[in-house]
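Chain by chain, the residues run as shown.
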Amino acid sequence: MGKNVFVTKYSQLPVNLGKTVLIGEKNIALFKLSNGKVYAIENRCPHREGVLAEGMISGEYVFCPMHNWKIGIVDGVVQEPDEGCVRTFPVKIQNDDIFIVIEDLDSQSIKYPDKCVFNESFNE
């Protein structure tokens, strides 16, 4: 079972703007969408490692600020014609507190997976 790591207050997270969160060696982009749901994904585009927290949000997608790759915030999948994916992390919200669930807190930094690693968020 993963570790719940407190990252910020729900009321302090801006809508449709990314927030960079560092947990150990993990660099994570945290997003609160216009529908109020919160998602956490790996903060590096699989193309040229653009910082996704700095990207533009449209619906449930973030556009990499470097080369405009469109990446699903919910599932981490890069949209065609580009290909690839980024890791997603479960998010738990309790009262006004946001937690990211980290399964491998003691491991080294995130590596780009060969396949997508999708973790459902537990938004309330």
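Residues numbered from 1 in each chain as written. Predicted model: local features only at pLDDT ≥ 70, side-chain atom pairs only at ≥ 80, totals over all residues. Heavy atoms only, no water.

Engineer: What's the story with the packing of aromatic side chains in this structure? I'm lost.
Structural biologist: For the structure on display, the rule yields one aromatic pair. Considering the side-chain rings of F6 and F99, the 6.0 Å spacing of their centres and the 70° angle between planes classify their relative orientation as edge-to-face. With F6 in strand β1 (residues 3-9) and F99 in strand β10 (residues 97-102), this residue pair connects regions lying 93 residues apart in the sequence. Accessibility expressed as a relative area gives 44% for F6, which makes it partly exposed. Note on F99: relative accessible area 16%, which makes it buried. (Phe/Tyr/Trp six-rings, centres within 6.5 Å; stacked < 30°, edge-to-face > 60°. Helix = DSSP H or I, 4+ residues; strand = E, 2+ residues; numbered from the N terminus. Buried < 20%, exposed > 50% of the residue type's maximum accessible area, 1.4 Å probe, protein only.)

Engineer: Please clarify how the confidence of the model for the protein should be interpreted in this entry.
Structural biologist: The predicted coordinates of low-pLDDT regions are not to be read in fine detail. Put simply, the protein has an average pLDDT of 82, and 82% of its residues get 70 or more. For the stretch residues 106-122, pLDDT sits under 50, and the model shows 39 contacts to residues farther than four places along the chain or on other chains. (pLDDT = per-residue confidence, 0-100. Contact = heavy atoms within 4.5 Å.)

Engineer: Explanation requested: the sheet that holds strand β9 (residues 91-94) in the structure shown.
Structural biologist: The strands making up a sheet associate through backbone hydrogen bonding, with each pair oriented either parallel or antiparallel. An order of β1-β10-β9 is seen for the three strands of this open sheet, with the pairing classed as antiparallel. Looking at strand neighbours, the two that pair on one side only are β1 and β9, the edges of this open sheet. Each strand of the sheet is rotated relative to its neighbour by a mean of 30°, with strand direction disregarded. As judged from the four bridges shared by β9 and β10, these two strands associate in the antiparallel manner. (Pairing = 2+ DSSP bridges. Axes fitted to C-alpha atoms, helices over the stretch in contact; angles between N-to-C directions.)

Engineer: Would you mind showing me how to read the pattern of salt bridges here?
Structural biologist: Once their charged atoms are close, side chains differing in charge can pair, the charge on each being opposite to the other. Following the criterion strictly, the structure yields one salt bridge and no others. A salt bridge links K9 to D97, with the nearest nitrogen and oxygen atoms 2.6 Å apart. With a gap of 88 residues between them, K9 in strand β1 and D97 in strand β10 connect regions that are remote in the sequence. (Salt bridge = Lys/Arg side-chain N within 4 Å of Asp/Glu carboxyl O.)

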